[in-house]
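Listed below are the residues making up each chain.
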Amino acid sequence: MEAEQFFKNFILGVTEGEIVLETRAMNIAAIHKLASSAVNYLKIISRSLDSQVYNRVEIVDAISEFARRNRHSSVEILVYDCTDIIKNSHRLIHLAEKASSKINIRKLPGHLPPFNESLVIADNKGYLHNPQSDRYEGIVSFNDPTRCLELNKTFTDMWNLGEIEPYLRTVSR
């Protein structure tokens, strides 16, 4: 079954249960569905903003549409390593330049232990979590506010330590 079709009837804040993700296609489809369904905020942690996932037109378009959907919407992105996104002219960087009041990107400082997980939180209702960012094995849930609160605390703690990469200064606060 095609990954997009699998998530077609899932509703953020309604559909119960955890879904095990095992492939890049399932991760892309789950992130697309979370971004397409969110109303208020998206929070993303990615080791290097994996180009195989986040540099795809459909993901960038979903995040762009999300950012325009609500005047209070916001996207916060944390990355550990900005090298590839800067070198390869990542589409999310260009989107963040256009929507700098809505999309903020920070880099985790080098003195922190390497963070090798991927995380997406949508409206404190749904999340995607990959314990190893270099693998596409993880969990997505569209309705788990309790787990989202835990993950959001982790995100907020890391966000507060985040630094603005000089190259990204024009797209971040």
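Conventions we followed
- Residues numbered from 1 in each chain as written.
- Predicted model: local features only at pLDDT ≥ 70, side-chain atom pairs only at ≥ 80, totals over all residues.
- Heavy atoms only, no water.
- Salt bridge = Lys/Arg side-chain N within 4 Å of Asp/Glu carboxyl O.
- Buried < 20%, exposed > 50% of the residue type's maximum accessible area, 1.4 Å probe, protein only.
- Helix = DSSP H or I, 4+ residues; strand = E, 2+ residues; numbered from the N terminus.
- Core = buried A, V, L, I, M, F, W, Y, C linked by side-chain atoms within 4.5 Å.
- Phe/Tyr/Trp six-rings, centres within 6.5 Å; stacked < 30°, edge-to-face > 60°.
- Lys NZ or Arg CZ within 6 Å of the ring centre and 35° of its normal.
- Lys, Arg positive; Asp, Glu negative; His and termini not counted.
- Polar contact = N/O pair within 3.5 Å; in protein donor to acceptor, adjacent residues only side chain to side chain.
- Expected span 1.5 Å × (residues − 1).
- Pairing = 2+ DSSP bridges.
- Axes fitted to C-alpha atoms, helices over the stretch in contact; angles between N-to-C directions.
- Contact = heavy atoms within 4.5 Å.

1. What about the pattern of salt bridges?
Line of reasoning, step 1. Counted according to the given criterion, the structure contains five salt bridges.
Line of reasoning, step 2. Its salt-bridge partner being Arg56, residue Glu58 comes within 2.8 Å of it at the nearest N-O pair.
Line of reasoning, step 3. Arg56 gets classed as partly exposed once you look at its relative accessible area, which sits at 31%.
Line of reasoning, step 4. Where Lys153 meets Asp157, a salt bridge forms, and the shortest distance between an N and an O atom there is 2.8 Å. Here the residue Lys153 and the residue Asp157 both occupy positions in helix H7 (residues 145–161), the gap between them amounting to four residues, near one helical turn.

2. Examining the nonpolar core
Line of reasoning, step 1. Counting residues in hydrophobic clusters, the biggest one holds 42 residues, and the most contacted among them are Phe7, Leu42, Tyr54, Ile63, Ile77 and Val140.
Line of reasoning, step 2. Per-element tally for this core: the top contributor is helix H2 (residues 24–37), with seven residues.
Line of reasoning, step 3. Membership of the second largest hydrophobic core comes to 15 residues, among which are Ile45, Leu112, Cys148 and Leu151.

3. Observations regarding the packing of aromatic side chains
How two aromatic rings sit relative to each other is given by the distance of their centres and the angle of their planes.
Line of reasoning, step 1. For the coordinates displayed, the defined rule picks out six aromatic pairs.
Line of reasoning, step 2. Centre to centre, the rings of Phe6 and Phe10 are 5.5 Å apart; their planes meet at 40°, and the pair counts as tilted.
Line of reasoning, step 3. Given the relative accessible area of 30%, Phe6 is considered partly exposed.
Line of reasoning, step 4. Between the aromatic rings of Phe7 and Phe142, the centroid separation amounts to 5.7 Å while the plane-to-plane angle is 50°, which identifies the pairing as tilted. Placement of Phe7 in the loop between helix H1 (3–6) and strand S1 (18–21) and of Phe142 in the loop between strand S7 (138–141) and H7 is noted, with a sequence separation of 135 residues between them. The two residues Phe7 and Phe142 agree in class, both being buried.
Line of reasoning, step 5. In this structure an aromatic cluster arises from ring pairing among Phe6, Phe7, Phe10 and Phe142.
Line of reasoning, step 6. Across from the ring centre of Tyr41, 4.8 Å away, lies the NZ or CZ of Lys43, which sits over that ring.

4. Describing the side chain of Arg106
Line of reasoning, step 1. With respect to the secondary-structure elements, Arg106 resides in strand S4 (residues 103–107).
Line of reasoning, step 2. We note that Arg106 is buried and unpaired, the nearest opposite charge coming from Glu76 at a distance of 6.6 Å.
Line of reasoning, step 3. A polar atom in the side chain of Arg106 sits 2.7 Å from the backbone oxygen of Trp159.

5. Comments concerning H2
Line of reasoning, step 1. For H2, spanning 14 residues, the distance from its first C-alpha to its last is 20 Å, which sits close to the expected 20 Å at 1.5 Å a residue.
Line of reasoning, step 2. Buried within H2 we find Met26, Asn27, Ile28, Ala29, Ala30, Ile31, Lys33, Leu34 and Ala35.

6. Brief notes about the sheet that holds S4
Line of reasoning, step 1. Strands sit in the order S1-S7-S6-S5-S2-S3-S4 across an open sheet of seven strands; the sheet is mixed. Every other strand in the sheet has two partners, leaving S1 and S4 as the edge strands with one partner each. Strand-to-strand twist across the sheet, computed as the mean angle between neighbouring axes with direction ignored, equals 10°.
Line of reasoning, step 2. Examined bridge by bridge, strand S2 (residues 41–46) and strand S3 (residues 74–79) share six bridges and lie parallel to one another. Bridge pairing in S3 places Tyr41 opposite Ser74.
Line of reasoning, step 3. Packing against the sheet, H7 makes contact with S2, S3, S4, strand S5 (118–122) and strand S6 (126–130), and its axis sits at approximately 65° to S2.

From the geometry alone we can't say anything about function, so treat these as descriptive.
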